[in-house]
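Coordinates in review
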Amino acid sequence: YAQFSKLFHRKVCNRFGAKVFETYEVNNGWSGKLKSRDQPIETYVWTISLTNNDGIAQTYKGTITLIR
């Protein structure tokens with residue numbers, strides 16, 4: 001995404017819709033923690049929103065299962 005985006009936003013939410021991670025930096029990833037506390041093993045929803053170099057806004061969504 002880095003070479004194709006001007007604006008970038010990544011968010012991860014738990015199954016109740018509570019935000020557990022958010023960043024505007026392409027290279028920052030979620031560690032599986034919230035405020036230094038390990039989050040439960042479960043499925044989380046992620047969203048990436050970006051605006052590419054042509055000014056076109058795009059949104060990607062999916063799920064990820066946290067395992068330890």
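Note that the coordinates shown come from a computational prediction; the quantities given were computed from them, not determined experimentally. Within any chain, residue numbers begin from 1 and follow the written order of that chain's sequence. Since the coordinates come from a predicted model, pLDDT governs what is reported: local features require at least 70, and pairs of side-chain atoms require 80 or more to be given and counted, while whole-chain, interface and lining totals use all residues. Only hydrogens and water are set aside; all other atoms, that is, all heavy atoms of the structure, feed into the side-chain values.

Turning next to the environment of Arg10. Here a strand is any run of E in DSSP of at least two residues, a helix any run of H or I of at least four, and the numbering for each starts at the N terminus. With respect to the element layout, Arg10 can be found in strand β1 (residues 5–13). Considering only alpha carbons, one finds Arg10 and Val26, 16 residues apart in sequence, at a separation of 8.0 Å. Should any heavy atoms of two residues lie within 4.5 Å, those residues are counted as being in contact. Discounting residues that sit within four places of it in the chain, Arg10 has contacts with Phe21, Glu22, Thr23, Glu25, Val26, Asn28, Gly29, Thr47 and Ile48. For the purposes of these results, a polar contact is taken to be a pair of N or O atoms within 3.5 Å, where, inside protein, one atom must be able to donate a hydrogen and its partner to accept one; residues adjacent in sequence count only when each atom of the pair is a side-chain atom. In terms of polar contacts, Arg10 uses its side chain to reach the backbone carbonyl oxygen of Asn28, at 2.3 Å.

How two aromatic rings sit relative to each other is given by the distance of their centres and the angle of their planes. Note on ring pairs: Phe, Tyr and Trp rings are taken, using the six-membered ring of Trp, and paired if centres are within 6.5 Å. Classes follow the plane angle, with under 30 degrees stacked, over 60 edge-to-face and the rest tilted. The final tally for this structure, using the stated rule, is 1 aromatic pair. On the numbers, 4.9 Å between centres and 65° between planes, the contact of Trp30 with Tyr44 is edge-to-face. Taken together, the positions of Trp30 in the loop between β2 (19–23) and β3 (33–34) and Tyr44 in strand β5 (residues 43–52) put the pair 14 residues apart, joining distant regions of the chain.

This next bit is on the pattern of salt bridges. Definition used for salt bridges: Asp or Glu carboxyl oxygen within 4 Å of a side-chain nitrogen of Lys or Arg. What the rule picks out here adds up to 4 salt bridges. Note that Glu42 is salt-bridged to Arg15, the shortest N-O span being 3.7 Å. With Glu42 in the loop between β4 (37–38) and β5 and Arg15 in the loop between β1 and β2, this pair connects stretches of sequence that are 27 residues apart. Think of it in three bands: residues with accessible area under 20% of the maximum for their type are buried, residues over 50% are exposed, and the middle band is partly exposed, with areas taken using a 1.4 Å probe on protein chains only. Note on Glu42: relative accessible area 15%, which makes it buried. For Asp38, the salt bridge is made with Arg68, and the minimal N-O distance between the two is 3.9 Å. Within this pair, whereas Asp38 is found in strand β4, its partner Arg68 is found in the segment after β6 (57–65), the two being separated by 30 residues in sequence. Residue Arg68 is classed as exposed on the basis of its relative accessible area of 55%. Put simply, Lys33, Asp38 and Arg68 are held in one network by salt bridges that share partners.

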